[in-house]
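So you can see what is in the structure, the chains are spelled out below.
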Amino acid sequence: MKGIGYEMDELTREALADVAAAGTAADLKEVEVRWLGKKGRVTALLKELSALPPEDRKARGQQLNALKREVEAAVEARGREVERLEAEAAAARERPDVTLPGTPVRAGRLHPLTIVTEEIVDLFERMGFHVLDYPEAESEFFNFDGLNIPGDHPARDMQDTFYLADGNLMRTHTSPGQVRSMRDLDPPYRAIFPGRVYRCEATDASHEHTFYQVEGIMIDRHVSVAHMLHSMMSLLEGVFRRKVEVRLRPGYFPFVEPGFELDLRCTVCEGAGCPVCKRSGWVELLPCGLVHPNVIRAGGLDPGEWEGWAFGLGLSRLVMMRYRIDDIRWLLSGDLRLVRQF
Ligand code: FA5
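In this text the structure is predicted, and so the values were computed from the model without any measurement.

Remarks on the pairing of strand β5 (residues 210-220)
Along β5, 10 of the 11 residues are buried, which leaves the element largely enclosed by surrounding structure. Pairing analysis gives 10 bridges linking strand β4 (residues 189-198) to β5, with the strands arranged antiparallel. Looking at the pairing, Y189 lines up with I219 of β5.

Given below as structure tokens:
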């Protein structure tokens, strides 16, 4: 007959084998419930104790408790091992595969206005020009009066103005920089001021209420229209990298005398006529002239001693011509499809 000791050895072996065979935390939990749970085998044996004759109860109780402790210890030890194995397996699964193709990174692009501005800045810096930045919210003095446009002058109506509550205005052109630079720099000097300007006007394919200009100015004892034209042609050839067709005609601006308008053969339609050039084949791009003595005076200089030339490039239109953009409103549309092309 098999003794109780034999039976306990069998049970212990069976329980420990069960524990050792558990490969995952979930398996181990099942094994634990099967042996030590409320309806587990050890628990069931412990419940049977009360039915034993009192003289057997103590020895049997000790054996069962020993079995219980041994199984508990084995479960705990196996638990640590399973945890380690599972962590190792997870690490192996998650180890990055460096041979997999990467996720493409979509790089940002410069706006065409930025690209062309940077090119112009680079070109003029190499020709010895300062590059200055002046305020967009401007006073009436710098935007108009200092430029020989007094309050009752009809030229004020040429550029419809956004006025600010404090009496200032959003500059309608970059020309305020002419007077400001004369006050800021010691003559002789050359400078450009690229920037954004604002006009309260209806928009169409070549007119925006918010657009960009680049003002150029040179102040010296003697300046010439020839030098001014040379600078402007260097600008156009630098931006287009080829000969472009232009025409020069007289133009009127109160702050220059004489004044000119330099037009560019429309590149959108190659001169055939389109909404950008208003079917004329030409685009108004570069007004210019010799700085009026009253403006030299407003800049704090003596017009008997100093002369100057200035131009006011329509930068937004130049960008349109360079990239054949057929509507100026694309430029500030915020539509990323535009920028992604450059
Ligand atoms: C002026 O703004 C003068 N300050 C230019 C100047 C400077 C003349 C120095 C003489 C000496 P005008 O209003 O023509 O001039 O504008 C200059 C250029 O800006 C135009 O030739 C055109 O290319 C561009 N432009 C004018 N209005 C708009 C508009 N609404 N949208 C886009 N571009 C415009």
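Here we look at the site of the ligand
In the vicinity of the ligand there are 25 residues, among which H173, S175, R199, E201 and E284 approach most closely. Between the ligand and E201, the relevant distance is 2.4 Å, taken from a nitrogen atom to a side-chain nitrogen or oxygen of the residue. Within the side chain of Q213, a nitrogen or oxygen atom sits 3.1 Å from an oxygen atom of the ligand. Relative to its free-state accessible area of 670 Å², the ligand is covered by the protein chains to the extent of 95%.

Focus: the pattern of salt bridges
One pass over the structure, following the stated rule, counts 23 salt bridges. In this structure, R60 and E7 form a salt bridge, with 3.3 Å as the shortest nitrogen-oxygen distance. Residue R60 is located in helix α4 (residues 54-94), and its partner E7 is located in helix α1 (residues 4-21); the two are separated by 53 residues in the primary sequence. E88 is paired through a salt bridge with R84; the nearest N and O atoms lie 3.2 Å apart. Remark: R84 and E88 occur in helix α4; sequence separation between them is 4 residues, near one turn of the helix.

Side note on the state of the cysteines
Under the definition given, this model contains 0 disulfides. Left unpaired, C274 is separated from the closest cysteine sulfur, that of C269, by 3.7 Å. Since its relative accessible area comes to 7%, C274 is described here as buried. Free cysteine: C288, not disulfide-bonded; nearest cysteine sulfur from C266 at 20 Å. Exposure remark for C288: the relative accessible area of 3% places this residue in the buried category.

Describing the nonpolar core
Counting residues in hydrophobic clusters, the biggest one holds 45 residues, and the most contacted among them are I120, L235, L236, F311, L313, L315 and L318. Contributions of two or more residues to this core are made by α5 (112-126), β5, α8 (225-240), β7 (256-265), β8 (282-291), β9 (307-314) and α10 (315-323). For F311, the residues in contact, after removing those within four places along its chain, are F124, V214, E215, G216, M232, L235, L286, P287 and C288. Formed by 24 residues, the second largest nonpolar core is a distinct cluster that contains F142, L147, I217 and I219.

With respect to the environment of L85
Within the secondary structure, L85 sits in helix α4. As a C-alpha pair, L85 and T24 span 61 residues in sequence and 8.5 Å in three-dimensional space.

A few points about the side chain of H153
Relative to the helices and strands, H153 resides in the loop between α6 (140-143) and β3 (169-170). Ignoring sequence-local partners within four residues, the contact set of H153 consists of N148, Y252 and P254.

Points about the packing of aromatic side chains
For any pair of aromatic rings, geometry is given as the distance between the ring centres together with the angle between the planes. Taken as a whole and assessed by the stated rule, the structure comprises 8 aromatic pairs. Judged by centre distance (6.1 Å) and plane angle (45°), the ring pair of F124 and F311 falls under tilted. On the criterion of sequence distance, the pair formed by F124 in helix α5 and F311 in strand β9 is long-range, its members being 187 residues apart. The residues F124 and F311 share a single accessibility class, namely buried. Relative to F193, the ring of Y134 lies with its centre 5.4 Å away and its plane at 65°, an arrangement referred to as edge-to-face. Remark: F193 occurs in strand β4 and Y134 occurs in the loop between β1 (130-131) and β2 (137-138); sequence separation between them is 59 residues. On the basis of relative accessibility, which here comes to 2%, the residue F193 falls in the buried class. Here the aromatic cluster, defined as three or more aromatic residues joined through ring pairs, consists of F124, F129, W309 and F311. R180 extends its terminal NZ or CZ atom over the ring of F142, reaching a point 4.2 Å from the ring centre.

What to know about the layout of surface pockets
A water-sized probe rolled over the atoms picks out the places where empty space is left. In this model, the largest pocket occupies a volume close to 800 Å³. Taken together, 42 residues form the lining of the largest pocket, with R199, E261, E284, P287 and R317 sitting closest to its centre. Residue assignment for the lining of the largest pocket shows that the elements contributing at least two residues are β5, β6 (246-250), β7, β8, β9 and α10. In terms of residue count, the dominant contributor to the lining of the largest pocket is β8 (7 residues). Tallied by class, residues from the lining of the largest pocket come to 19 nonpolar, 12 polar and 11 charged.

Thoughts on the pairing of β6
Pairing of β6 with β7, which is carried by 5 bridges, proceeds in the antiparallel orientation. Its bridge partner being in β7, P250 is matched across the sheet by F260. What sits between β6 and β7 in their antiparallel hairpin is a turn of 5 residues.

Calculation criteria
- Residues numbered from 1 in each chain as written.
- Predicted model: local features only at pLDDT ≥ 70, side-chain atom pairs only at ≥ 80, totals over all residues.
- Heavy atoms only, no water.
- Buried < 20%, exposed > 50% of the residue type's maximum accessible area, 1.4 Å probe, protein only.
- Helix = DSSP H or I, 4+ residues; strand = E, 2+ residues; numbered from the N terminus.
- Pairing = 2+ DSSP bridges.
- Near = heavy atom within 4 Å.
- Polar contact = N/O pair within 3.5 Å; in protein donor to acceptor, adjacent residues only side chain to side chain.
- Areas by Shrake-Rupley, 256 points an atom, 1.4 Å probe, with all protein chains shown as cover.
- Salt bridge = Lys/Arg side-chain N within 4 Å of Asp/Glu carboxyl O.
- Disulfide = S-S within 2.5 Å.
- Core = buried A, V, L, I, M, F, W, Y, C linked by side-chain atoms within 4.5 Å.
- Contact = heavy atoms within 4.5 Å.
- Phe/Tyr/Trp six-rings, centres within 6.5 Å; stacked < 30°, edge-to-face > 60°.
- Lys NZ or Arg CZ within 6 Å of the ring centre and 35° of its normal.
- 1 Å grid on protein atoms, 1.4 Å probe; cavity = no way out; pocket = protein on both sides within 12 Å on 5 of 7 lines; lining within 4 Å.
- Points joined across faces, edges and corners; volume = space filled by probe spheres on them.
- Nonpolar A, V, L, I, M, F, W, Y, C, P; charged D, E, K, R; others polar.

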